[in-house]
Number of protein chains: 2
Amino acid sequence: MEYRKIKDELQDDHVVASDIESVKGKSHTVASSNIAMATLGVGSGERVNWKRKGVVTCALTILTSSQAILIVWSKRAGKYEYSVTTANFLVETLKCALSFLALTRIWKNEGVTDDNRLSTTYDEVKVFPIPAALYLFKNLLQYYIFAYVDAPGYQILKNLNIISTGVLYRIILKKKLSEIQWAGFILLCCGCTTAQLNSNSDRVLQTSLPGWIMAIVMALLSGFAGVYTEAIIKKRPSRNINVQNFWLYVFGMAFNAIAIVIQDFDAVANKGFFHGYSFITVLMILNHALSGIAVSMVMKYADNIVKVYSTSVAMLLTAVVSVFLFNFHLSLAFFLGSTVVSVSVYLHSAGKLR
Amino acid sequence: MEYRKIKDELQDDHVVASDIESVKGKSHTVASSNIAMATLGVGSGERVNWKRKGVVTCALTILTSSQAILIVWSKRAGKYEYSVTTANFLVETLKCALSFLALTRIWKNEGVTDDNRLSTTYDEVKVFPIPAALYLFKNLLQYYIFAYVDAPGYQILKNLNIISTGVLYRIILKKKLSEIQWAGFILLCCGCTTAQLNSNSDRVLQTSLPGWIMAIVMALLSGFAGVYTEAIIKKRPSRNINVQNFWLYVFGMAFNAIAIVIQDFDAVANKGFFHGYSFITVLMILNHALSGIAVSMVMKYADNIVKVYSTSVAMLLTAVVSVFLFNFHLSLAFFLGSTVVSVSVYLHSAGKLR
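Definitions and cut-offs
- Residues numbered from 1 in each chain as written.
- Chains lettered and ligands numbered in written order.
- Predicted model: local features only at pLDDT ≥ 70, side-chain atom pairs only at ≥ 80, totals over all residues.
- Heavy atoms only, no water.
- UniProt positions renumbered as here; feature names shortened; annotations may be inferred.
- Axes fitted to C-alpha atoms, helices over the stretch in contact; angles between N-to-C directions.
- Helix = DSSP H or I, 4+ residues; strand = E, 2+ residues; numbered from the N terminus.
- Parallel < 35°, antiparallel > 145°, perpendicular 65-115°, else oblique.
- Left-handed = near helix turned anticlockwise from the far one by under 90°.
- Contact = heavy atoms within 4.5 Å.
- Nonpolar A, V, L, I, M, F, W, Y, C, P; charged D, E, K, R; others polar.
- Expected span 1.5 Å × (residues − 1).
- Buried < 20%, exposed > 50% of the residue type's maximum accessible area, 1.4 Å probe, protein only.
- Buried area = accessible area lost by both parts, 1.4 Å probe.
- Salt bridge = Lys/Arg side-chain N within 4 Å of Asp/Glu carboxyl O.
- Polar contact = N/O pair within 3.5 Å; in protein donor to acceptor, adjacent residues only side chain to side chain.

- By the naming in an unreviewed UniProt entry, chain A is CMP-sialic acid transporter 4-like isoform X1, taken from Camelina sativa.
- Chain A has a UniProt comment under Sequence similarities (unreviewed entry) that states "Belongs to the nucleotide-sugar transporter family. CMP-Sialate:CMP antiporter (TC 2.A.7.12) subfamily."

1. With respect to the packing of helix α9 (residues 179–196) of chain A against helix α13 (residues 304–326) of chain A
Residues and elements named next belong to chain A.
Move 1: Here α9 crosses α13 at 25°, and the two axes come no closer than 11 Å. With respect to α13, the element α9 is oriented roughly parallel. Relative to α13, the crossing made by α9 is left-handed. Together, G184, F185, L188, C192, A195 and Q196 of α9 and I305, V308, Y309, S312, M315 and L316 of α13 make up the contact between the two elements.
Move 2: Its residues assigned to classes, the contact of α9 with α13 shows nine nonpolar, three polar and no charged.

2. Quick word on helix α12 (residues 279–301) of chain B
Move 1: Between the first and last C-alpha of α12 of chain B there are 33 Å, a value that for 23 residues agrees with the 33 Å anticipated at 1.5 Å per step.
Move 2: Among the 23 residues of α12 of chain B, 17 are classified as buried, and the element is accordingly described as predominantly covered.

3. Regarding the interface of chain A and chain B
Move 1: On the chain B side, the residues contacting the 27 residues of chain A number 27 residues.
Move 2: Summed over both partners, the interface of chain A with chain B comes to about 2100 Å²; 84% of that surface belongs to carbon and sulfur atoms.
Move 3: Applying the counting rule to chain A against chain B returns zero salt bridges.
Move 4: Inspection of the chain A/chain B interface yields four residue pairs in polar contact (both at pLDDT 80 or more).
Move 5: Among the elements of the structure, α9 and α14 (332–350) of chain A are those that each provide at least two residues to the side of chain A that touches chain B.
Move 6: Examining the composition of the side of chain A that touches chain B, we find that 10 residues originate from one element, α14 of chain A, more than from any other.
Move 7: The residue inventory of the side of chain A that touches chain B, partitioned by class, reads 19 nonpolar, six polar and two charged.

4. Some remarks on the UniProt feature "transmembrane region" (unreviewed entry) in chain A
Residue and element names in this part refer to chain A.
Move 1: As annotated by UniProt and renumbered to match this structure, "transmembrane region" (unreviewed entry) occupies residues 209–233, 245–262, 274–296 and 308–326.
Move 2: Regarding residues 274–296, the helix share stands at 78% and the strand share at 0%, and the terminal C-alpha atoms are separated by 27 Å.
Move 3: Note that residues 308–326 is 100% helix and 0% strand, and that its end C-alpha atoms are spaced 26 Å apart.

5. A closer look at α13 of chain A
All names here are of chain A.
Move 1: Helix length check: α13, at 23 residues, gives a terminal C-alpha distance of 31 Å against a target of 33 Å (1.5 Å per residue), a fit within 8%.
Move 2: Put simply, D303 is the residue that caps the front of α13, since its side-chain oxygen is 3.0 Å from the backbone nitrogen of I305.
Move 3: Positive backbone phi, approximately 60°, marks N327, located one or two places after α13.

6. Details of the environment of W182 of chain A
Residues and elements named next belong to chain A.
Move 1: Structurally, W182 is set in helix α9.
Move 2: With a relative accessible area of 25%, W182 lands in the partly exposed category.
Move 3: In this structure, W182 is in contact with G166, V167, R170 and L177, ignoring residues within four places of it in sequence.

7. Points about the packing of helix α8 (residues 160–172) of chain A against helix α10 (residues 209–235) of chain A
Residue and element names in this part refer to chain A.
Move 1: The interhelical angle for the contact between α8 and α10, taken along N-to-C directions, is 50°, at an axis separation of 8 Å. The pairing of α8 with α10 is recorded here as oblique in orientation. Here α8 and α10 pass one another in a crossing that is right-handed. Residues L160, N161, S164, T165, L168, Y169 and I172 of α8 pack against W212, A215, I216, M218, A219, L220, S222, G223, F224, V227 and E230 of α10.
Move 2: Split into classes, the residues belonging to the contact of α8 with α10 amount to 12 nonpolar, five polar and one charged.

8. A short note on the environment of V125 of chain A
Residue and element names in this part refer to chain A.
Move 1: On the secondary structure map, V125 appears in helix α5 (residues 122–125).
Move 2: Its relative accessible area of 13% is what places V125 among the buried residues.
Move 3: The spacing of V125 and W247 is 122 residues in sequence and 7.1 Å in space, taken between C-alpha atoms.
Move 4: In this structure, V125 is in contact with T120, W247 and F251, ignoring residues within four places of it in sequence.

And the structure:
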């Protein structure tokens, strides 16, 4: 469960960082080739955008999928009694450090400009605490929802995030999806849920009204945090993403520090900050930090919809890899769900608005 | 099980008959209004086609759905030990009689024309035994497949019919579906299967190779019979459908007579033709005959794809009605499958080739 919880936090988390170096490098090569190709009438800028979008999306898919494999691995290896809030705090700290590292390199290579300067106006910074605050609130709610649904039921209800992200993406970012893409998005939610079905899944239908309300509120909080992060990151497209991430993660650290005090103060005070840490815990923190960076990249260069597709496909990839690694048996429901998700991915691309 | 078997036979059966009267009546009113509207440039012919298509499709959906409800009702009422082959023979006989009755009325009203004359050339008649022969062969195979899969597993494998119908529709009738419609068709198969999932469904994945081969052969036979019937019925569009049905059903009777001899000779010889018949058996025979007529209408005025959608939606309708009639509990898998089927219906219509 612990691993799962960090995972949740990170999967639907705003994040950012230092891979930026490589992206920066690419955009340089591109700048010069742009000029050459513009004379040929080739939309190379567009092509580079697509390539960058593809790279960050693949990175997110692979990282998310290996995240889940680490979870399975850790479960096999036995239970680790570390405190989740300290791990989350370290993830935020690592991301923050990586963003700062990336920035120092950029300053060295390009000099300090208006777009990569760390200091910003109050007006710009004041929005950055909001996503971190929303996640903190969502994670606190998570402790209460288990009074109404069991853990596997909660995993199923979490697919409501897909719908809430789509709806809030439409309402808040005012971006349009075509009808075919909406159809694909509904299918994505159905397919992911179908793939997770097991013999006890029907119990989720007996969830009481307060349980449903909490699940919907949590889905809305998570969707809103994602969409809001995208809005912040895209508001000033020329702003270096490391600056934006730095601020996001600073507040991420602050709010996770609050979570440590609220949830794990006694454990940390008595057993120490790093109690229960192991090699696998370190690997997971590293993986979460990198996934976080990838999510931020996807927010900057693609959008929340791509992020949702990416993490959903990752879930299926994980199951397939687990067949080879852990001798998992795939259920018929998994095959059906995966097919529905695959068709959904196709529809998202076939249904693009022209 | 018996009821189920008749149902299978009829659901994927070619059929036809006497509702034709009402359709004929409609096309008359239409003929005169056509002339009036042609001057206004309104595509009223097209509109009438749509209306006719809609009416026969709704009729098929409602009849198929009430078929399944009769099955549940009969199961609740206890087991009926009648022989399925005699019931199938009576269904064919009833359809044949209804087609003939419809024809005599048409002859009286319109006189005998080239299109409604019962006698046809050998070349035209020689194709009519083929669908009936295919169904006989498929039904005989059905006795052997149960050596490899259990009955619930067979219900799941039967969804392969959806795919085989789509593929053969494309290959034999050379009609095109758009990519979006193909996506919808794959989803229809996944959605129907998902809606039927239960805790034992995974056993179907352990089906041995001979079991899979038989299931695929049966799906191909059933799909081929449907597509072949459509080809026969549509080959001469002006030919009155009652004539076409009359010949289909005459051979249907003949092949079902063979089935009685092969499968139920002893039972019929010892206990009589009507042994085990009850009020509900009569209702089911009536329902099957009318559904058969509706299927034939759908083949004439729409196509196999519409037929498959219609019977799939009927399956879902049945479940919903059963909640009220029999206090059925719907599973989460059912909700997910129904949503996928609904999206599939939308995609079939949204993806129409222009």
